[in-house]
Amino acid sequence: MYQCDVKTMTDKIKAFSKFGDTGNGGITRYALSKEDIAAREEFVKRMKAIGAVIETDDLANMYATIAGSDANAKRIVMGSHCDSVKNGGNYDGILGVIGAMEVLETVVKQNIAHKHPLTAMIWTNEEGSEFPPCMMCSGIVSHDYMPERFRDNFEYHKMMASQSILDTKMTFGQKLSSFPYKGEMENRISPEKYKAMFELHIEQGPILEDAKKDIGVVRCVLGQMLYRIKFYGQAAHAGTFPMKKRKDAFYAAAEALCYLHQEIDKLGYEDLVYTTGEVVMHPCVNTVIPDFFDFSIDVRHESASVLNEVREIILKLEQKQWQGCRCQVVLGWNRDTVYWDKKLVGYVKEAAKELGTAHMDIHSGAGHDAQYISYMLPTTMIFVASQNGLSHCEQEYTSPEQCTEGATVLLNAVLKCDKED
Ligand SMILES: [Zn+2]
């Protein structure tokens, strides 16, 4: 077994936390921003220092590759994203890049024999913080490999037209065209050139910490569905219209939301999660009874039949009475649970076991670039514990020792994959 170095891991974590530093322990580093450029410069500098060959594709995804003993063998790639949400932390995404860099550095430093070329990678615009959607560039690259019903979401021209939430005149395509790390389409990751992908990531939840484990052997990304629940009422004057005659869309929605919580909780699935995170109200004036209210509900679980039970509860809302308002349920989108490649999951588990780490099987509740790449290549993920389960905030933290342990498991799992043929 080989070990990564806590000193060089810590050095990299510190170095990257400067790019977009908010001064409060976290970063704001949007894709294609000057902070993103600075992070990529650091990546290039450090990877060139170990003799890696740097390539970038037409979406500015970056690849640093060291040769293996067989020049014709397919590459094994490790990577994640280096962009963040607003006031995000120093670990989400970038840890997977740092871990991949550490693996390459360790292989070079310790002169570890391997057959396949090994690649450390940065994905562009995973968070979609300025230019939605999330996981944009892994989605575009995987477009031709994904099931037909998802393809529409990642059409190249649509993604290029994605508008900045900060500058209404700027599209993703415009910003990308002048980005210094935009390269050639022929450099994109593909099944012809790549054998497998590993993504190291923070858990972003409390499961590992609560179980006193450091490493998560990730089996899958949970199935997910998003619905919009809309209520249509009647606007009227807040001072003159009697309570009994009202069709208040907000009141209707509030009742329906409580009903949903009661009915879904009655199903009794402890690992089922659902969230109402977005609402729209019209006209949203304090002297007018609302005539329209719309709320989102995002539901996640591994089992399709559990998601179906929840779906039935949601669809039944339309047939019920809600303060005299009409209710309409609209499907936003849904996706099935994505299972990682069994062989690769096995390598991660073996490595975690042989290294004597405190590990457990886990699922991912969040989406990651790896899930789209799984339509193209054998793919898997490794999680490290998140302190207090926090992420997408400045308090996000994983200790240097746990980060290094994650990189060590990654290194040894990749070497097992390297040896399989
Ligand atoms: Zn992430």
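Rules used in this analysis
Residues numbered from 1 in each chain as written. Predicted model: local features only at pLDDT ≥ 70, side-chain atom pairs only at ≥ 80, totals over all residues. Helix = DSSP H or I, 4+ residues; strand = E, 2+ residues; numbered from the N terminus. Rg over C-alpha atoms; globule rule 2.2 N^0.38 Å. Buried ≥ 20, exposed ≤ 12 C-beta atoms within 10 Å, placed from the backbone. Contact = placed C-beta atoms within 7 Å. Core = buried A, V, L, I, M, F, W, Y, C linked by C-beta atoms within 7 Å. Expected span 1.5 Å × (residues − 1). Arc of directions from axis to C-beta. Domains from an automatic or database assignment. Nonpolar A, V, L, I, M, F, W, Y, C, P; charged D, E, K, R; others polar. Pairing = 2+ DSSP bridges.

Trainee: When you look at the overall build of the protein chain in this model, what are you seeing that I'm missing?
Mentor: Helices and strands together make up the secondary structure of the protein chain, namely 13 helices and 14 strands. The C-alpha atoms of the protein chain give a radius of gyration of 23 Å, which matches the 22 Å a tight globule of 421 residues would have. Principal axes of the C-alpha set define a box for the protein chain whose edges measure 80 × 45 × 45 Å. For the protein chain, the proportion of its 421 residues judged to be buried stands at 46%. By sequence separation, contacts in the protein chain at least 24 residues apart represent 78% of the contacts at least 6 residues apart.

Trainee: Would you take a moment to explain the environment of His-116 for this structure?
Mentor: Within the fold, His-116 resides in the loop between helix 3 (94-109) and strand 4 (118-123). Sequence separation of His-116 and Val-141 is 25 residues, and the distance between their C-alpha atoms is 22 Å. Once you skip the residues sitting within four places of it in the chain, His-116 turns out to touch Gly-68, Asp-70, Ala-73, Lys-74, Arg-75, Ile-76, Lys-195 and Asp-418.

Trainee: Please explain the nonpolar core as it appears in this structure.
Mentor: Grouped burial of nonpolar side chains is what soluble globular proteins tend to show. In terms of nonpolar packing, the biggest core is built from 88 residues, with Met-78, Leu-104, Val-348, Ile-382, Leu-410 and Val-414 touching the most fellow members. Ignoring anything within four residues of it in the chain, the contact list for Met-78 reads Gly-99, Ala-100, Val-103, Ala-120, Met-121, Phe-198, Leu-200, Leu-410 and Val-414. If you look at the next biggest cluster of nonpolar residues, it comprises 22 residues, including Ile-229, Tyr-251, Ile-314 and Leu-317.

Trainee: Please clarify how helix 2 (residues 34-49) should be interpreted in this entry.
Mentor: Note: α-helices contain 3.6 residues per turn, so residues at a spacing of three or four share the same orientation. Over its 16 residues, helix 2 runs 23 Å from end to end, which matches the ideal 22 Å to within 8%, given 1.5 Å per residue. Along helix 2, the residues that are buried comprise Glu-35, Asp-36, Ala-39, Arg-40, Phe-43, Arg-46 and Met-47. In an axial view of helix 2, the angular spread of the buried residues amounts to 135°, which keeps them on one side of the axis. What points out from helix 2, more than 90 degrees from its buried face, is the exposed set Lys-34, Lys-45, Lys-48 and Ala-49. On its buried face, helix 2 is in contact with helix 1 (6-16), strand 1 (53-56), strand 2 (62-66), helix 3 and strand 4. At the C-terminal side of helix 2, Gly-51 shows a positive phi close to 85°.

Trainee: Can you walk me through the domain arrangement of the protein chain in this structure?
Mentor: Reports often express the size of an interface as the amount of accessible area lost when the parts come together. Examined at the domain level, the protein chain breaks down into domain 1 (6-222 + 337-419) and domain 2 (223-335). A separation of 36 Å is found between the C-alpha centroids of domain 1 and domain 2. Tallying the contact residues gives five residues for domain 1 and six residues for domain 2. A per-class count over the side of domain 1 that touches domain 2 returns two nonpolar, three polar and no charged.

Trainee: Is there a simple way to explain the pairing of strand 7 (residues 223-232) in this structure?
Mentor: Across a regular strand the side chains alternate sides, sitting on one face of the sheet and then on the other. Note that strand 7 and strand 10 (residues 292-301) share 10 bridges and pair antiparallel. Its bridge partner being in strand 10, Phe-231 is matched across the sheet by Phe-293.

Trainee: Explain unusual backbone geometry here, please?
Mentor: It is generally the case that most residues other than glycine have a negative phi and that most peptide bonds are trans. With omega at 5°, the peptide bond leading from Pro-132 into Pro-133 counts as cis. Checked against the element boundaries, Pro-133 lands in the loop between strand 4 and helix 4 (136-142). Cis geometry marks the peptide bond from His-282 to Pro-283; its omega dihedral reads -5°. Turning to its location among the elements, Pro-283 is positioned in the loop between strand 9 (279-282) and strand 10. Phi at Leu-32 takes a positive value of approximately 70°, unusual for a residue other than glycine. Tracing the backbone shows Leu-32 in the loop between helix 1 and helix 2. Exposure remark for Leu-32: the 24 C-beta atoms within 10 Å place this residue in the buried category. Located in the positive-phi region is Met-135, a residue other than glycine, with phi close to 55°.

Trainee: Teacher, can you tell me more about the pairing of strand 6 (residues 215-221) here?
Mentor: Within strand 6, six of the seven residues are buried, which leaves the element mostly enclosed by the surrounding structure. The pairing of strand 6 with strand 14 (residues 379-384) spans three bridges and is classified as antiparallel. Residue pairing across strands places Ile-215 opposite Val-384, the latter belonging to strand 14. Bridge analysis of strand 6 against strand 13 (residues 359-364) gives six bridges, and the strand direction is parallel. If you follow Gly-216 over to strand 13, its bridge partner there is Met-360. With two bridges connecting them, strand 6 and strand 12 (residues 338-339) associate as antiparallel partners. Considered in strand 12, the bridge of Val-221 is made with Val-338.

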